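# Summary of structural features
Here are the chains, one letter per residue:
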Amino acid sequence: MSESRNTIPDALRPPIIRDRSEPRFPGGPAADPAGSHHERRIRSFQPRRSRVTTGQEDALQRLWPVWGLDIDGRRVLDLDEMFGGLPVVLEIGFGMGEATARMAADDPGTGILAVDVHTPGQGNLLGLAERGGLENVRVANGDAIILLREMLAPGALHGMRVYFPDPWPKKRHHKRRLIQPEFLTLAAGRLAPAAVLHCATDWEPYAEQMLDVLGAHPDFENTVDGGGYAPRPAFRPLTRFEGQGLDKGHTVHDLLFRRVPAES
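A brief look at the structure comes next. (Residues numbered from 1 in each chain as written. Predicted model: local features only at pLDDT ≥ 70, side-chain atom pairs only at ≥ 80, totals over all residues. Heavy atoms only, no water.)

Let us now look at the packing of helix H5 (residues 144-151) against helix H6 (residues 181-190). Where H5 meets H6, the closest approach of the two axes is 10 Å, and the angle between their N-to-C directions is 45°. Classed by the angle they form, the pair H5 and H6 counts as oblique. As H5 packs across H6, the resulting crossing turns out to be left-handed. Residue-level inspection shows Ile145, Leu148 and Arg149 of H5 in contact with H6, the latter providing Phe183, Leu186 and Arg190. (Axes fitted to C-alpha atoms, helices over the stretch in contact; angles between N-to-C directions. Helix = DSSP H or I, 4+ residues; strand = E, 2+ residues; numbered from the N terminus. Parallel < 35°, antiparallel > 145°, perpendicular 65-115°, else oblique. Left-handed = near helix turned anticlockwise from the far one by under 90°. Contact = heavy atoms within 4.5 Å.)

Turning our attention to the pairing of strand S2 (residues 88-92). For S2, the buried fraction is high: five of the five residues fall into the buried class. Judged by which residues are buried, S2 turns out to be covered on both faces: Val88, Leu90 and Ile92 on one side and Val89 and Glu91 on the other are all buried. Relative to strand S3 (residues 111-116), S2 is paired through five bridges, and the arrangement is parallel. Looking at the pairing, Glu91 lines up with Ala114 of S3. Read from S2 through helix H3 (residues 98-106) to S3, the crossover connection turns out right-handed. As paired strands, S2 and strand S5 (residues 157-163) are joined by three bridges and run parallel to one another. The residue of S5 that forms the bridge with Glu91 is Arg161. (Buried < 20%, exposed > 50% of the residue type's maximum accessible area, 1.4 Å probe, protein only. Pairing = 2+ DSSP bridges. Right-handed = clockwise from strand over helix to strand, strands pointing away.)

Looking now at the pattern of salt bridges. By the definition in use, this model includes eight salt bridges. The salt bridge partner of Arg62 is Glu130, with a shortest N-O separation of 2.8 Å. Of this pair, Arg62 sits in helix H1 (residues 54-67) while Glu130 sits in helix H4 (residues 119-132), placing them 68 residues apart in sequence. For Arg62, a relative accessible area of 40% corresponds to the partly exposed category. Between Glu221 and Arg258 there is a salt bridge, and its shortest N-O distance comes to 3.2 Å. Residue Glu221 is located in strand S7 (residues 220-222), and its partner Arg258 is located in strand S8 (residues 253-259); the two are separated by 37 residues in the primary sequence. In this structure Glu221 comes out as partly exposed when scored by relative accessible area, which is 35%. What emerges from the salt-bridge pattern is a single network uniting Asp58, Arg62 and Glu130. (Salt bridge = Lys/Arg side-chain N within 4 Å of Asp/Glu carboxyl O.)

For the rest of this paragraph, the subject is the environment of Glu221. Sequence separation between Glu221 and Leu256 is 35 residues, and the spatial gap between their C-alpha atoms is 8.7 Å. Not counting residues within four places of it along the chain, the set of residues in contact with Glu221 comprises Leu256, Phe257, Arg258 and Val260.

Our next topic: the nonpolar core. Judged by nonpolar contacts, the single largest core of 40 residues is most densely connected at Leu90, Leu113, Leu147, Leu157, Met160, Ile179 and Phe183. With six residues, the single largest contributor to this core is H5. Filtering out sequence-adjacent residues up to four positions away, Leu157 remains in contact with Leu79, Val88, Leu90, Leu148, Leu152, Arg190, Leu191, Ala192 and Ala195. Counting 22 residues, the second-largest nonpolar core is a separate cluster that includes Leu60, Ile112, Ala114 and Leu125. (Core = buried A, V, L, I, M, F, W, Y, C linked by side-chain atoms within 4.5 Å.)

A few words on the pairing of S3. By the criterion of burial, S3 is predominantly enclosed, with six of the six residues buried. The two faces of S3 match: Gly111, Leu113 and Val115 on one face and Ile112, Ala114 and Asp116 on the other face are all buried. Inspection of the sheet shows S3 paired to strand S4 (residues 137-141) by five bridges, in the parallel sense. Among the inter-strand pairings, Ile112 is bridged to a residue of S4, identified as Val137. In terms of handedness, the path from S3 via H4 over to S4 forms a crossover that is right-handed.

Structure follows, in structure tokens:
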């Protein structure tokens, strides 16, 4: 049978225009889980668009209904049910998830609730978790501020990790940095007493700001005697991103601050 004369070559077909609220992968992470109308405020992150591989797409479609959740701000999560009673650490921004998967494998007695907005990274971490049999990992899609404020109970977290957040190097963008007094107050309300907030950055000015802001906050105390930066703890893997920074001569700073118990 001859090819229909009405067939349009793929190269000449108009691009498919997807609504911003429509998920890229049916059954996977929502494009805008909390709704763009949820609030207007300065964001500390920018959604990154990059190619999703076939393996990542497969992981998103198969595993998101099992280990993924959208940050919609509409319910309070039951972390005990979600992680089978394990103590839970919140990781904000996990990139491609390699370090998260290694930490989960090394410490199966701790649950990791890993938050990011990077779709390829979400798919990659889900795939790593499946291949490694890591049942102590859950992947959350959306804004960590909404998660903390609307979806976690007071004192629910046994730790928090913020590794290599966007440094927003330009002075006019410093207000977008995540580690600010307001964020620390919110984080403190969700951390159990003596839980540790662990930050790491290879951007020297941001490290200095982190140290100043954390050191001045009444809800946190430095775990380092005499103050200052902490040595990289053994449980935090050296990431590929970190290695690239070190090759360029960057200095990585770790900050470990403990949640001060509230006065009775």
